[in-house]
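If you want the building blocks of each chain, they are given just below.
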Amino acid sequence: MTRSTTPETIAREQQFAARNYAPLPVVLERGHGEWLTDVDGKRYLDLMSAYSAVSHGHAHPRLVRALTEQAQRVAVTSRAYHTAALGPFLEKLTRLTGLDRALPANGGAESVETAIKAARRWGYQVKGIAADRAEIVVARGNFHGRSTTIVSFSTEDSYREGFGPFTPGFRHFDFGDLASLEAAITPNTAAVLIEPIQGEAGIVVPPDGFLRGVRALCDKHRVLMILDEIQSGLGRTGRWFAFQHEGVKPDGLILGKALGGGLLPVSCFVGTAELMDVFEPGSHGSTFGGNPLAAAVGLEALRVMEDEGLVARSAALGAHLLSRLRQIDSPIIRAVRGRGLWVGVDLDPAIVSARAVVDRLADKGVLSKDTHETVIRFAPPLTISRAALDWGIDVFIETLREFEPAPAHKADVTTLPATPRRKAVIENQRDNQRDPQRPPHRPATRAQLMMSAPDHFEVSYKINPWMDPAHWAVSAERLASDAKRGWLALKSTYERLGAKVEVQPAVRGLPDMVFTANAGVVLDRKVTLARFLCAERQGEEPHNRAFFEALRARGVVDEVIDTPAGLYFEGAGDAIWDRHRSVLWTGYGQRSSREMQFVLGESYGVPAVALELVDPRFYHLDTCFCVLGRGDLLYYRPAFSARALGLIEDLVGRDRLIEASDEDACHLAVNSVALGDDAVFCHATADLRAQLAERGYRAHVVPLDSFNRSGGAAYCLTLRLDVSTRAARAAVPLFVEDDAVELRAAA
Ligand SMILES: Cc1ncc(COP(=O)(O)O)c(C=O)c1O
């Protein structure tokens, strides 16, 4: 076995460094993006990213620039003075987290200590717990760092042995088990402190609803909910913060690792005003905490995440990573679990140790890390390209094959094949990709749609290249009655496919009101109202508002919110939720403002990707981009900028892309509506139909020629009211916890 390393370098480090780590025998010298190079010039793909600290990739040019520019101005002043850098950094952080104040520090453990001090003080000053009696409830299997107080409540012997006496005031419960949590809470409990997904324990994902349950118990018992998102936060799980997967908000949030952009240790404890106001001058501090260098890098790290859509990359590429890992049919794999670009693969120790696989992967140029003897974790930089990720997965598969038992021996193990549960997941994944024979998939609940009546539809002005009032006028009556027929046929097609349709009354003088997809976007029962760019459509705004308010009064939606003044947004036409990748695709460059990606991302707590539209004929995203029921994407390439096309290819993958022809796109075929495996079009060439059928879709074609004269078709005429950004997980289980149990039972 040859190793790209220098034995003397390793020997020197081993001689002079304390022996608290056992590094892999590679000597790294340089890093760029997702690649590292050792002293011999050998390249490695970094699938570990320093335990998530290098989410931006190595030496991100913007971060290196922010670091060097600030270092040349002023780096360290202490908090004895104000600096220009700190305010903007903490403002950004509190806005992103939805919390009020932040207390900056350096390494993660320092901020965990801050959180513990804050919780105890809150317990005494606000909750009224008797002096020195406050308790904090923590999970078994937790990892929050290495200070003496923090290891006091670790349940891992190797972290504690010989380090006592320990700090009192902590009680344990079983992670993921709400009954156990409630049993651990007493009148003296000040806070529950947990990782939303346990990282060091082996990427342990709690059952769906766990965080919501924790929130409810904390509210019931007047206890703070404090989340340690040092590893899970800042995009790692495919949301800015893991708590957003369940739509809850903690009282306190601990961040670190990626906050330093892979360049510096930067951490923060962020909390509500009620919690943070327990600190007064002199009560807590840190010489380096919040220094201008850290603040400048931290702020740039957050901006890069936004500008490069790193959270969306994590969601989409993470779904791809999980799906590929789950399709590996190897007796070595007991379970694959994770969320976003953060995955643990649990291996059968009877066949091979995780460390042996990690060592072999390093030989082959892929860096990962074992944890708890059986788990290999993958946490690549969120900037990783799809091609690099695929290469890393290919090397992993090839490496597993090397360790699989020889055929004679294998006979034993194949009596323990991939467990029934995992097999079902593998099959489900394959089915989802392409299998026209698969039984029709009908959504479990009735789709809820909104349409606007076409009574006054006409082409009386020109606000896009499709419109020609003079041409319409020649046969206005025939075209208007054709529009009514087409609209009714579309509505009855939806109803035949099981949908429920709400109808908004038409308004004379507002013909384009019929294009309901532009009225707003509805996600998780929350409406963001459109603000139209063209004066001709602005008259629709009060009618849309009134209709949605009426829906709210009837309990169909919960909230109606305005697009911020100064921004334009044309609703679901430019904001398309993709449940297969858990990202919100937004279109900009023609009608909607680019900044809406941030507004919507924050408002719904979902990752948003902005795609630039460059062809005036395809001025809304929905005219050139359609996510089909099984996750394939029908799109028209010339409508997008080169950067947008790069994003689409990277996040969706070429095998899931269906390219619309000029003919289909110019007949607005891409503007279609997906209802399970059914897809409703206004046009489809034989070639498009064949491609759809091959992938298991049934195309329903309803001609909508009159509406095409406004640039609209099926999707434009329809707004979905029941899109849930949290539905995907129910369809495909994200982790297969019981594999080990099943394996044991099978044995
Ligand atoms: C969830 C969690 N909390 C706290 C820490 C400690 O952070 P640091 O090593 O920066 O002190 C870590 C580090 O792995 C972590 O994953």
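Since the model is a prediction, treat every value here as computed from it, not as a measurement.

The rules behind each value
- Within any chain, residue numbers begin from 1 and follow the written order of that chain's sequence.
- Totals for whole chains, interfaces and linings use all residues, but because this is a predicted model, local features are given only for residues with pLDDT of at least 70 and pairs of side-chain atoms are given and counted only at 80 or more.
- The basis for every side-chain value is the complete set of heavy atoms in the structure, and neither hydrogens nor water enter the calculation.
- Buried residues are those whose accessible area, probed at 1.4 Å on protein chains only, stays under 20% of the maximum for their type, while exposed residues exceed 50% and partly exposed ones sit between those limits.
- Under the scheme used here, helices are H or I runs from DSSP no shorter than 4 residues and strands are E runs no shorter than 2 residues, and both carry numbers assigned from the N terminus.
- Whether two strands pair depends on DSSP finding at least two bridges between them.
- When the strands point away from the viewer, a crossover counts as right-handed if the path from the first strand over the helix to the second runs clockwise.
- For this description, a residue counts as near a given molecule or strand if any of its non-hydrogen atoms is within 4 Å of it.
- Pairs of N or O atoms are called polar contacts if they sit within 3.5 Å, as long as, within protein, a hydrogen donor faces a hydrogen acceptor (for residues adjacent in sequence, only side-chain-to-side-chain pairs).
- Calculation of accessible area relied on Shrake-Rupley with a 1.4 Å probe; when residues are assessed, cover is drawn exclusively from the protein chains displayed.
- Residues count as neighbours in contact if any of their non-hydrogen atoms are within 4.5 Å of one another.

**Q** Any chance you could explain the pairing of strand β23 (residues 608–612) here in plain terms?
**A** Looking along a regular strand, one sees side chains alternate from face to face of the sheet. Burial of β23 is extensive: four of the five residues sit out of reach of the surface. With five bridges connecting them, strand β22 (residues 583–588) and β23 associate as parallel partners. Looking at the pairing, Trp585 lines up with Val609 of β23. Once the chain exits β22 it traverses helix α21 (residues 596–604) before rejoining the sheet at β23, and the crossover so formed is right-handed.

**Q** What is the right way to look at the sheet that holds strand β1 (residues 28–32) in this model?
**A** Adjacent strands of a sheet form backbone hydrogen bonds with each other and so pair up, either parallel or antiparallel. The strand order across the open sheet built from four strands is β1-β2-β3-β13, with neighbouring strands paired in mixed fashion. The open sheet is flanked by β1 and β13 (366–367), the only strands paired with a single partner.

**Q** Quick question: what am I supposed to make of the site of the ligand here?
**A** Near the ligand you find Gly107, Gly108, Ala109, Phe143, His144, Gly145, Glu195, Asp228, Ile230, Gln231 and Lys257, and these make up its full shell. With respect to the ligand, the backbone of Ala109 contributes an N or O atom lying 2.8 Å from an oxygen atom. One nitrogen or oxygen atom from the side chain of Gln231 is found 2.7 Å from an oxygen atom belonging to the ligand. Taken by itself the ligand offers 390 Å² of open surface, and the protein chains cover 79% of this.

**Q** What is the right way to look at the environment of Ser641 in this model?
**A** With respect to the helices and strands, Ser641 occurs in the loop between β25 (633–635) and α22 (642–652). Note on Ser641: relative accessible area 10%, which makes it buried. Considering only alpha carbons, one finds Ser641 and Asp615, 26 residues apart in sequence, at a separation of 8.9 Å. Filtering out sequence-adjacent residues up to four positions away, Ser641 remains in contact with Glu612 and Val614.

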